[in-house]
Structure formats: C-alpha cells, structure tokens
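# Examination of the molecular architecture
The residues making up each chain are set out below.
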Amino acid sequence: MVQLIKNQRHKTHAVKVRNVTIGGDAPVVVQSMTNTDTADIEKTFEQVRDLHLAGSEIVRVTVNNEDAAKGVIALRERLDAEGLDVPLAGCFHYNGHTLLNENAELCQALDKYRINPGNVGFGAKRDKQFEMMIEKAVEYNKAVRIGVNWGSLDQELATKLMDENAQRSNNGEEPWSADAVMRETLVQSAIISASKAEAIGLRPDQIILSAKVSRVQDLIAVYTSLAERSHYALHLGLTEAGMASKGIVATALGEGILLNQGIGDTIRASLTPEPGGDRTLEVRVCKEILQSLGLRDFSPEVAACPGCGRTTSTFFQELAQDIQHHLDQSMLVWKKEYPGVETLKVAVMGCIVNGPGESKHADIGISLPGTGESPAAPVFIDGKKACTLRGDNIANEFQMLVEDYIRNRFTSDQPGEKAQAS
Ligand code: SF4
C-alpha cells in the first residue's frame, strides 16, 4: 500500500490570541501584516479589514512611535465598532518597551506583542528593556511572539558562537560553516529569549517563536531544530520572500515542507507587493498552501486541466475561471447557509482524454469537447454521469448544476453529512 509521506503534528502549547488559538490541536492559523502607516487610521483600518475579509485570522501592524501607538488604540475601537473581531499583533523594534510602558491602552488594544530579541536594545539596557515588554504581556495576559530574524541577529550571541566554532579546529573537530553558525544563533536566540520570558513570568502558552530567514533550506533547518528543542508554538515565515512567483514558490516550498512534517502552527507569506498591488495576495497564498496540503479547507476547489493542442478555443479556461470566480464571490453567504461547502471539489476539463476520469474524482465535474470531438459535455456528479450539456448555454447550465448540488448536499438542516470543519 502506498503511504502518505506526512508526519504527525509536532506538539506545541496552545496560545490564545483574542478569539484565535495558535498551536496545540488548533488548525494552522493564517496571518498577514499591513504596510500602511499605523498612524493613518483610515488607511490602516481599510487594509486590516480587507486582509481579514480575505481570510487573515490575525493581522499585525507596525508600532514604531507614539502616533502609531495612538493609531492602534483608535484602530481597535474602529474594528470593534464595525464588528470585526480580528486579533491585532503589534510589531515592535527598539522602542517597544517605552511605548508599552507609557500606553496602558496600547497594551490592552493589542492581542499579541511581537518582540525581536535582536532589536530590543544594546548592552546593559537590552535585558531590562526585554523584561519591561514581557512584564506588560504578563500584566495584560497577552501573547508574545519572540521573533528572531537573520537580518537582525543577536550580535553578542553570534560572536560567542563564532568563538566556540573557532575552538573546534583547536580541538581537532571539523568547524561548522558560517551558515550553520548563523542558523544555530537564530535557534538559540529564540529559545534563550523564551526561557528568559518564562523566568519573568510569561507562561509557555503565551509564547510563540519564529526564526525567519530568506532561504528555503535555512528555513527548514532552523524550524526543524526549533521543533526538536522545544514545544513552543511556531510561526512560520520566510523573510524577504520576494516578489511575484519567486516569493510565492519559495514560501510555498519552505512552509509547505515544514507543515507536511507537522511543524508550524501559524503562517505568513512575506511577499513584496507590486507598487499599488493587492496586499491580500499574501493571505490567498497562505490559504492555498494550507488547502493544497489538505490541512484546511477555505473555499471550493476547481480542478482544471492546463489545456493543450486538443483545446484550440479558450472556452474551457473561461468556464473554469468563471466557476472559480463565482464560488469565491458566493462564499461569504454560502459559508453561513451551507456548512461544509468549502470542501466542494469541482472539475472543469478540456477534452475526453482525462476529462471524464478527473470529473468522476470531483464532486461535480464537466468534460468539455476538445477540438474535433462531438459538441457535447458530459457532467459527472458523485462519480456518476448525470447528464450531457449541449449548445451555447453550457456555462450557465453547468453553473446552475453546481448551485443545485451545493443546495442539496450542504443544506444547514442536514449538517455534516459530508462536511468537515477545518
Ligand atoms: S484533458 Fe485533454 S485538453 Fe486537457 S490537457 Fe489533457 S489532453 Fe489536453
């Protein structure tokens, strides 16, 4: 029997972030981050709303000065007034201790504080400033992400580990590569900081770790090591993933390989948007990663063949696109009316070669006529041929059949027959 190459989920503490749980047995959570000036409340509100409605279950905002701190407080009020219960994470660097210490309302408005141990402060001040931030999280019972980043490594720790590495030659051992020392520094920095946070009073179920790098192999090595050494909830993310297909592919590979090994409790896709581009792309990418791995179901899937010389018209591509668009647009309403509809599988295929077979594997599928085939499109429902569509109205008729199928199978008064919660 062919086995799935899929490991059991790595055990982690379940961390409550407002109404969302990260880690434990909770589904892997989708996160995103705004790129607006947080002091601009209107623009930030709009982007948080858009990210949340696109599926981001937690949204992070920059908190870099007093105006941004005030912006967070107003943002929370605005979100609450609009009935948007999305948790907010605040991203701090350098002055987080001051901002949190001087703004009780900020401490309360945020649901999670992101602290980068490499950017908390320098020398003797570093530990004190880290302690001040953790104390606020303890006081307000908030979650903390201890997020190390190879762009802002803890230099003291890096120097110590490099010195230890230099000793390896003296001891007759093979010295590590510079990259291996860098990876070890990241992992140790995250774990040492988490231990310090616990010593200050933060519970393990308030701590999430991340160790972001920009190369896929480094990401896999670092998170595998973090999972081997601790049970803190893990936030996966490739930093500076890049633009367009490069960023999407690298993110999907790095995070996908780890998730398939059971590592990772929440994910973000740090994509660089095109100028004026749609920020919600990073949310859609995260959802696609989780749905492709079978870890979550967000929306019905349309399987479509790529087309080839047997499809000389674009009709089937247009139909696949229209169906996917229609399903996506309808999900906000359907999710309430038809529980489990997100698990639906639709197939739109271009010719007889793979069309009937693929359509039978879907819940509902259509095999369109390829070039030179008779102008008939058999429709398969639950693996059996249900009817054949002909003429100029095939697209509309198929769409109606899909809607009928959803109504019949996912009605809320027959919950759960085939539905699964994600
Ligand atoms: S199903 Fe037909 S049209 Fe689609 S790729 Fe295969 S052979 Fe080509």
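Residues numbered from 1 in each chain as written. Predicted model: local features only at pLDDT ≥ 70, side-chain atom pairs only at ≥ 80, totals over all residues. Heavy atoms only, no water.

### Observations regarding the overall build of the chain
Looking only at helices and strands, one finds 13 helices and 17 strands in the chain. A principal-axis box enclosing the C-alpha atoms of the chain has dimensions of 80 × 60 × 40 Å. The buried share of the chain, reckoned over its 422 residues, is 50%. A fraction of 66% describes how many contacts in the chain between residues 6 or more apart in sequence connect residues 24 or more apart. By element, 51% of the accessible surface of the chain is carried by carbon and sulfur atoms, the whole surface being about 19,700 Å². Charge-centre separation for the chain: the mean point of 44 positive side chains lies 2 Å from the mean point of 56 negative side chains. (Helix = DSSP H or I, 4+ residues; strand = E, 2+ residues; numbered from the N terminus. Buried < 20%, exposed > 50% of the residue type's maximum accessible area, 1.4 Å probe, protein only. Contact = heavy atoms within 4.5 Å. Areas by Shrake-Rupley, 256 points an atom, 1.4 Å probe, with all protein chains shown as cover. Lys, Arg positive; Asp, Glu negative; His and termini not counted. Charge placed at Lys NZ, Arg CZ, Asp CG, Glu CD.)

### Examining the sheet that holds strand β15 (residues 364-367)
Sheet strands associate in pairs through backbone hydrogen bonding, adopting either a parallel or an antiparallel arrangement. Overall, mixed pairing links the five strands, which are arranged β13-β14-β15-β16-β17 in an open sheet. Two strands close off the open sheet at either side, each with one partner strand: β13 (301-304) and β17 (384-390). Ignoring strand direction, the axes of neighbouring strands in this sheet form an average angle of 20°. Bridging between strand β14 (residues 345-349) and β15 involves four bridges; their strand directions are parallel. Bridge pairing in β15 places Met-349 opposite Ser-367. Contacting β14, β15, β16 (376-381) and β17, helix α13 (residues 394-409) crosses the sheet at an angle of about 165° to β15. (Pairing = 2+ DSSP bridges. Axes fitted to C-alpha atoms, helices over the stretch in contact; angles between N-to-C directions.)

### Structural notes on the pairing of strand β7 (residues 143-149)
Most of β7 sits inside the fold, with seven of its seven residues counted as buried. With burial as the criterion, each face of β7 is covered, one bearing Ala-143, Arg-145, Gly-147 and Asn-149 and the other bearing Val-144, Ile-146 and Val-148. Pairing of β7 with strand β8 (residues 207-212), which is carried by six bridges, proceeds in the parallel orientation. Bridge pairing in β8 links Arg-145 to Ile-208.

### Concerning the nonpolar core
With 72 residues, the main nonpolar core has Val-63, Phe-92, Leu-106, Tyr-113, Leu-209 and Leu-226 as its most contacted residues. The residues touching Phe-92, leaving out its near neighbours within four places in the chain, are Val-63, Leu-99, Leu-100, Leu-106, Leu-110, Tyr-113, Arg-114, Asn-116 and Met-133. The next biggest cluster of nonpolar side chains, apart from the first, holds 25 residues, and it includes Val-302, Leu-319, Leu-327 and Met-331. (Core = buried A, V, L, I, M, F, W, Y, C linked by side-chain atoms within 4.5 Å.)

### With respect to a nonpolar patch on the surface
A cluster of nonpolar residues, Val-249, Leu-253 and Ile-257, forms a patch on the protein surface that exposes about 230 Å² of accessible area. The residue Val-249 is located in helix α9 (residues 244-260) in this model. Of the residues examined, Val-249 reaches a relative accessible area of 46% and is grouped as partly exposed. (Patch = residues over 30% accessible without salt bridge, like charges linked within 9 Å, V, L, I, M, F, W, Y side chains within 5 Å. Salt bridge = Lys/Arg side-chain N within 4 Å of Asp/Glu carboxyl O.)

### A look at the site of the ligand
Lining the immediate surroundings of the ligand are Cys-305, Gly-307, Cys-308, Arg-310, Thr-311, Met-349, Gly-350, Cys-351, Val-353 and Asn-354. Of the residues contributing to the shell around the ligand, the split by class is five nonpolar, four polar and one charged. (Near = heavy atom within 4 Å. Nonpolar A, V, L, I, M, F, W, Y, C, P; charged D, E, K, R; others polar.)

### Regarding the pattern of salt bridges
Counted under the stated rule, the structure contains 28 salt bridges. Residue Arg-78 is joined to Glu-42 by a salt bridge in which the shortest nitrogen-to-oxygen separation is 2.7 Å. Of the two residues, Arg-78 sits in helix α2 (residues 66-81) while Glu-42 sits in helix α1 (residues 41-54), which places them 36 residues apart along the sequence. Given the relative accessible area of 40%, Glu-42 is considered partly exposed. Look at the salt bridges and you will find they share partners, linking Arg-18, Arg-76, Asp-80, Asp-85 and Asp-111 into a network.

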